[in-house]
There are 6 protein chains.
Amino acid sequence: MSRIDGRTAEELRPVTIERGWSKHAEGSVLVSFGDTRVLCTASLTEGVPRWRKGSGEGWVTAEYAMLPRSTNTRGDRESVRGRIGGRTHEISRLIGRSLRAVVDYKALGENTIVLDCDVLQADGGTRTAAITGAYVALADAVAWAQERKLIKSKAQPLSGGVSAVSVGIVDGTPMLDLRYEEDVRAQTDMNVVCTFDGRFVEVQGTAEGAPFAREELNGLLDLAVAGCAQLDGAQRTALGR
Amino acid sequence: MSRIDGRTAEELRPVTIERGWSKHAEGSVLVSFGDTRVLCTASLTEGVPRWRKGSGEGWVTAEYAMLPRSTNTRGDRESVRGRIGGRTHEISRLIGRSLRAVVDYKALGENTIVLDCDVLQADGGTRTAAITGAYVALADAVAWAQERKLIKSKAQPLSGGVSAVSVGIVDGTPMLDLRYEEDVRAQTDMNVVCTFDGRFVEVQGTAEGAPFAREELNGLLDLAVAGCAQLDGAQRTALGR
Amino acid sequence: MSRIDGRTAEELRPVTIERGWSKHAEGSVLVSFGDTRVLCTASLTEGVPRWRKGSGEGWVTAEYAMLPRSTNTRGDRESVRGRIGGRTHEISRLIGRSLRAVVDYKALGENTIVLDCDVLQADGGTRTAAITGAYVALADAVAWAQERKLIKSKAQPLSGGVSAVSVGIVDGTPMLDLRYEEDVRAQTDMNVVCTFDGRFVEVQGTAEGAPFAREELNGLLDLAVAGCAQLDGAQRTALGR
Amino acid sequence: MSRIDGRTAEELRPVTIERGWSKHAEGSVLVSFGDTRVLCTASLTEGVPRWRKGSGEGWVTAEYAMLPRSTNTRGDRESVRGRIGGRTHEISRLIGRSLRAVVDYKALGENTIVLDCDVLQADGGTRTAAITGAYVALADAVAWAQERKLIKSKAQPLSGGVSAVSVGIVDGTPMLDLRYEEDVRAQTDMNVVCTFDGRFVEVQGTAEGAPFAREELNGLLDLAVAGCAQLDGAQRTALGR
Amino acid sequence: MSRIDGRTAEELRPVTIERGWSKHAEGSVLVSFGDTRVLCTASLTEGVPRWRKGSGEGWVTAEYAMLPRSTNTRGDRESVRGRIGGRTHEISRLIGRSLRAVVDYKALGENTIVLDCDVLQADGGTRTAAITGAYVALADAVAWAQERKLIKSKAQPLSGGVSAVSVGIVDGTPMLDLRYEEDVRAQTDMNVVCTFDGRFVEVQGTAEGAPFAREELNGLLDLAVAGCAQLDGAQRTALGR
Amino acid sequence: MSRIDGRTAEELRPVTIERGWSKHAEGSVLVSFGDTRVLCTASLTEGVPRWRKGSGEGWVTAEYAMLPRSTNTRGDRESVRGRIGGRTHEISRLIGRSLRAVVDYKALGENTIVLDCDVLQADGGTRTAAITGAYVALADAVAWAQERKLIKSKAQPLSGGVSAVSVGIVDGTPMLDLRYEEDVRAQTDMNVVCTFDGRFVEVQGTAEGAPFAREELNGLLDLAVAGCAQLDGAQRTALGR
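Residues numbered from 1 in each chain as written. Chains lettered and ligands numbered in written order. Predicted model: local features only at pLDDT ≥ 70, side-chain atom pairs only at ≥ 80, totals over all residues. Heavy atoms only, no water.

Looking at an unreviewed UniProt entry, chain A carries the name Ribonuclease PH, with the source organism given as Streptomyces reniochalinae. Under the heading Subunit (unreviewed entry), UniProt records this for chain A: "Homohexameric ring arranged as a trimer of dimers." According to the UniProt record, the Catalytic activity (unreviewed entry) comment for chain A reads "tRNA(n+1) + phosphate = tRNA(n) + a ribonucleoside 5'-diphosphate". (UniProt positions renumbered as here; feature names shortened; annotations may be inferred.)

Structure (structure tokens):
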């Protein structure tokens, strides 16, 4: 059974990772998973939040947002509504946790890195594209700081790559990297964040329609692990490793 | 290896489900998982939100909150800060999705049920206790409405029970139903929501410390499914089924 | 003329004061005036707000809130609306002032005690129940701190008890401790806060319907003073004095 | 014992009530109690809030605010802080209740009157000056609407005047109409709202320092009733009755 | 062609500048341009915002607001809505910039002056009246601080006067100092802020209807410069120079 | 005297206007003025705000925002702070007014177009780039709606182009299209919005340092008009006219 865009169930959309997109940020990446496009910038500042001062350890956090017309119908700006919605909060927290999983705070030293992931165009998988792109921006910001001796530790602050992909059961078939139209029709929807060596950082599966069985979960995890391995390759290529 | 409170790794804390706790709500439950105590009320009103009017279908939603001194140190009230935090949003949405997984909107008819889950005392697992208790309050509200013919469908609005439990890897050992002290020390923390027949509604696993391998995930899921089966029993007992 | 629940006009509802309700708080009380149930916790922290630092004096403040379904119809959460309503503000301030009236700041030393009064179930008189219960929680928190030498003064930080009761003119008759249904029908509604020795801390009378004459005011005050004396007894019993 | 400004304990400050201060409002008054100056405008619009539609009854409400530099030291604007403080809420509600006590909603018909009381200069007693002035603005707005037949009832919408004054025990002496410096030093502070015939609409007494005894309360009420009688006279004079 | 109020196109409305309106503020002015009345207070405090500490330089800022019934129909309070509107922000910023243009920060020393401009009655030109009045209040606050040696510099903190006026093209004719009714009908609306010597601090012209040509702009600027010269005279007279 | 980037004082930075940047919006443009890059999307929906219903006329509005790391140092998100800043408000309003100046509401019919201008990278002149780009996005959205017969009028909804440019006096020299570094050093800063035929829609000049004389204003306007003429050409080229 072929998909809307002709992909097989196990296939990712075309992935591009464009580094150095912004002249201001210490690291910046325009990542695309098909038509989903996310601008990820890493802002490094010396110093850490008050609760971490004097610890010798750094901090990494993330903020996610969508431009109002990144989607098919225009959404209200959260700044205009005066409050951040639950979904935005949830995704910002997910991105932050995912990246922190590969950070060695001691090696980072008392520096703070904020990852801003702004969705310029959305077509499903914005959070997974954001994590995948933000890792590359983070790596660039770390390298930038190492060059300038803001990071002095000999240990590497990043223990390896982290990437993410969505999987879901659409019309009874497990599929990798859902587009928006597939996402809407999925009975089960799962976002999986993996490290470079195929271990899990986050596994978030939700039954949108009917509850899912253990075997279905297993099938989805297999797809996701394979997808993340490919994304890890794309990150390495982008970083010239 | 025994736990702080003498439980084995596969053991739940004592669970109590006290129905009819409030004289006002259509359904109300004081649920406790050990020292975690959550007051769950179900408020049923005729009618549905605007976007659903005329559909013949009902709606179920949830709000979660913690009393300021439900925790070891007092937290600021979200009403005083003027905004709801990301964690609160995330959990409210999780509870709502979990309960909606067992609701037949057609059978519910154009009625809305709001589940309020207020944590009176917290000791780990507040969201899983909330889901488990809220299901019982929901069942009571549905029965209340059926008696009064507000729900007229012959089909049952609830397709079966839903319950939730936390699992995690603490000091290298997978454990069921974490207390706060265990939760803090867990390398991996997972919340699992199951239907009465052991299928999954939500699986949310997070590597707090090190990423987790596939076998670890499997071990945690085994524990969680067994825990939810016991909670399903407790719900049935409480409901006199 | 007998009342809905068979009480005489001068009679309080059954009052219970359950200490030690929460394992986390330094003082905690579940107080009930009939079906009105308020959870009062006292949180003591060392130190005082900035404007009081170095004064050698402590501070006591209070926050009042209602659970959304503590009432007959569900109310919106103030955290969700993003602002605290006028009534909540007014009552929080009243509780704080009432308790501060019996506090010797010098003897308390540079400690801060926050009283959280959360209404779990409402049936009239929530603010008066809150004050009456909060005093007991406050006394427990003070004793807790004295044991731990956080309060070092030999002088007692509390000069004696404080309690509160509502009175009102219902169908022309002055009545003590109004239930919700009576409160709604009252032409005049008054909340009175008294010290253990029958002096006034607060007197707040409002003509809901017709203005009230001096003799009516006097009759209400007589009722209230007698009611507070009984509540003072209940507090002493609870505290084992 | 004479007061800072030479008054006796039973004496009001000079009171002025200047009608027609604004060309836009249906009723407007600049009221002063000594150096306290409050601009009260009454805005009448046809129609009532949604919850009152079709009832044939009107509605009256009030909003109180202070200009930032109406006080000795500049206060932050509540619009800038993004939230209304508890004191503002409390006073707005008090003014609204006080005026509603003399309104016959049926006679008013489905019209809404909003009283805005903005303190231009504060020197104690701003809420009592506001109530006293707002009544006159309200009377003017009612007359304006009667002339234009927006109010058609033959019954008078206002049952008589309402005025307010502060009293307090300063240095052991009960005093009428406290200035700011006296207010700060008062052990007991009370605001009393009376109708033209000396009955009470609101009695709000607070022990700022020591609790107060029944006789003290009685002394204060005597002073307040006498003060309100004088204010009632000033209102009549202003209205040319 | 004569105007609604009989003025010629080049004529200002009657301007009054009443100093010392408030007993609390260091400088205070009630300014009127015809029926537009703005209360301007200058609050001087020692010290500067954090970002300016230790610079030896002062700071001047402004806040503008309208009383709810200063206009023909009542507007909601921004404090009640919980956010400041765009127009308020824009005007507050304009007033602040205009006054800062004549301030020598070094000569002011580390003092902060806040200008509060509260519109008591609006009839067009509130922002220009505010700037014109605020300058006088500012001058008074500076003199007050010089007398008290809070400002120690021998240099004058104010380099000369600043005033503002509106101009616009109404029914094809350029006119000075528009009233509300004229403002509403203007095709082009311009606010011009000038120093005492006829140079520009701000020029803000907006085509409300049709775009305007260079000659029209020139005509409006001529009118405005002449108007500001008259306002400069009124300021000098008020200040007794 | 040559500028940082080698331009003459009368020269624009390289301008690019890339249409069709987003697949979702009815019109979308990525505009750049040198390193300043703004994504402008036009969202057309049928219907108009409530206050305009039944008028047969359309509406056009705009929202401006900056990505947090579009600038040299990261700024807080306005959604996180919970309120929109004054500068954002001011620019959003300016963009909306500028575009409305060339819109024929009757010809547009009851359709609403929202222009979102999100700054991806900032280097001075973000508001002028936004207006210039938004006009092209607006033209595309209008054409889109004409093709689909959502706009039925034979009259053209847009009366001609509108563009904007900044000018300023830097080190005594009037310069066109300021970069950030020049903007910071400018004594006078002016934004000018012109129609295709060189008439003015907005003229906003501000003395950042010293007030400016009439001749200086004239010099700046000459520069701006010439700059807008070039931008008008770039818009025509982009639109293939």
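Caption draft 1: Region of interest: the relation of the copies chain E and chain F. Once chain E has been moved 0.0 Å along the axis and rotated by 180 degrees, it coincides with chain F to within an RMSD of 0.0 Å. The two molecules are tied by a two-fold rotation axis, judged by turn and shift. Among all C-alpha atoms of chain E, that of E:Gln204 lies closest to the rotation axis, at 2.2 Å. Interface residue correspondence from chain E to chain F reaches 100%, placing this contact among same-surface, isologous pairings. (Least-squares fit on C-alpha atoms with pLDDT ≥ 70 in both. Contact = heavy atoms within 4.5 Å.)

Caption draft 2: Molecular detail of the arrangement of the chains. There is a gap between chain A and chain D: no contact, and a shortest C-alpha distance of 11 Å. Separated without contact, chain C and chain F have their nearest C-alpha atoms at a distance of 11 Å.

Caption draft 3: Fine view of the UniProt feature "binding site: phosphate" (unreviewed entry) in chain A. All names here are of chain A. Taken from the UniProt record, the annotation "binding site: phosphate" (unreviewed entry) applies to Arg-87, Gly-125, Thr-126 and Arg-127. A compact arrangement is adopted by the annotated residues: their sequence extent is 41 residues, whereas the largest C-alpha distance between any two is 13.5 Å. With residues up to four places along the chain from it excluded, the contact list for Thr-126 reads Thr-36, Val-38, Tyr-64, Met-66, Arg-87 and Val-119. Among the structural elements, Arg-127 can be located in helix α4 (residues 126–147). Given a relative accessible area of 18%, Arg-127 falls into the buried group. With residues up to four places along the chain from it excluded, the contact list for Arg-127 reads Tyr-64, Arg-87, Ile-91, Leu-94 and Asn-191. (Helix = DSSP H or I, 4+ residues; strand = E, 2+ residues; numbered from the N terminus. Buried < 20%, exposed > 50% of the residue type's maximum accessible area, 1.4 Å probe, protein only.)

Caption draft 4: Here's a closer look at the UniProt feature "domain: Exoribonuclease phosphorolytic" (unreviewed entry) in chain A. Residues and elements named next belong to chain A. Within the UniProt annotation, "domain: Exoribonuclease phosphorolytic" (unreviewed entry) is assigned to residues 11–141 and 162–226. Counting secondary structure, residues 11–141 comes out at 30% helix and 32% strand; the distance between its end C-alpha atoms is 31 Å. Across residues 162–226, the secondary structure splits into 29% helix and 48% strand, with the terminal C-alpha atoms separated by 13 Å.

Caption draft 5: Here's a closer look at the packing of aromatic side chains. Evaluated as defined, the whole model comprises 18 aromatic pairs over all chains. The interplanar angle of 45 degrees and the centroid separation of 5.7 Å between the aromatic rings of A:Phe200 and B:Phe212 together place this pair among those described as tilted. Of this pair, A:Phe200 sits in strand β9 (residues 200–207) while B:Phe212 sits in the loop between β9 (200–207) and α6 (214–238), placing the two residues on different chains. The buried category is assigned to A:Phe200, whose relative accessible area is 1%. The exposure class assigned to B:Phe212 is buried, which follows from its relative accessible area of 0%. Here a set of aromatic residues connected by ring pairs shows up, and it is made of A:Trp51, A:Trp59 and A:Tyr105. Above the ring of D:Tyr105, the side-chain terminus of D:Arg52 is found at 4.3 Å from the ring centroid. Above the plane of the ring of A:Trp21 lies F:Arg37, whose end atom (NZ or CZ) is 4.3 Å from the centre. (Phe/Tyr/Trp six-rings, centres within 6.5 Å; stacked < 30°, edge-to-face > 60°. Lys NZ or Arg CZ within 6 Å of the ring centre and 35° of its normal.)

Caption draft 6: Region of the structure containing the interface of chain E and chain F. Taken together, the contact between chain E and chain F spans 26 residues of the former and 26 residues of the latter. Of the roughly 2,700 Å² buried where chain E meets chain F, counting both sides, 50% is carbon and sulfur surface. Of all residues in chain E, the largest losses of buried area upon contact with chain F belong to E:Phe200, E:Pro211 and E:Arg214, amounting jointly to 23% of the total for that side. On inspection of chain E and its partner chain F, the count reaches four salt bridges. The salt bridge involving F:Arg93 is made with E:Glu90; its shortest N-O contact spans 2.7 Å. At the boundary of chain E and chain F, one finds 17 residue pairs in polar contact (both at pLDDT 80 or more). Only α2 (86–100), β9 (200–207) and α6 (214–239) of chain E provide two or more residues apiece to the side of chain E that touches chain F. Among the elements that take part in the side of chain E that touches chain F, β9(E) stands out by supplying eight residues, more than any other. Counted by class, the side of chain E that touches chain F contains 10 nonpolar, eight polar and eight charged residues. Note that β9(E) and strand β9 (residues 200–207) of chain F share five bridges and pair antiparallel. (Buried area = accessible area lost by both parts, 1.4 Å probe. Salt bridge = Lys/Arg side-chain N within 4 Å of Asp/Glu carboxyl O. Polar contact = N/O pair within 3.5 Å; in protein donor to acceptor, adjacent residues only side chain to side chain. Nonpolar A, V, L, I, M, F, W, Y, C, P; charged D, E, K, R; others polar. Pairing = 2+ DSSP bridges.)

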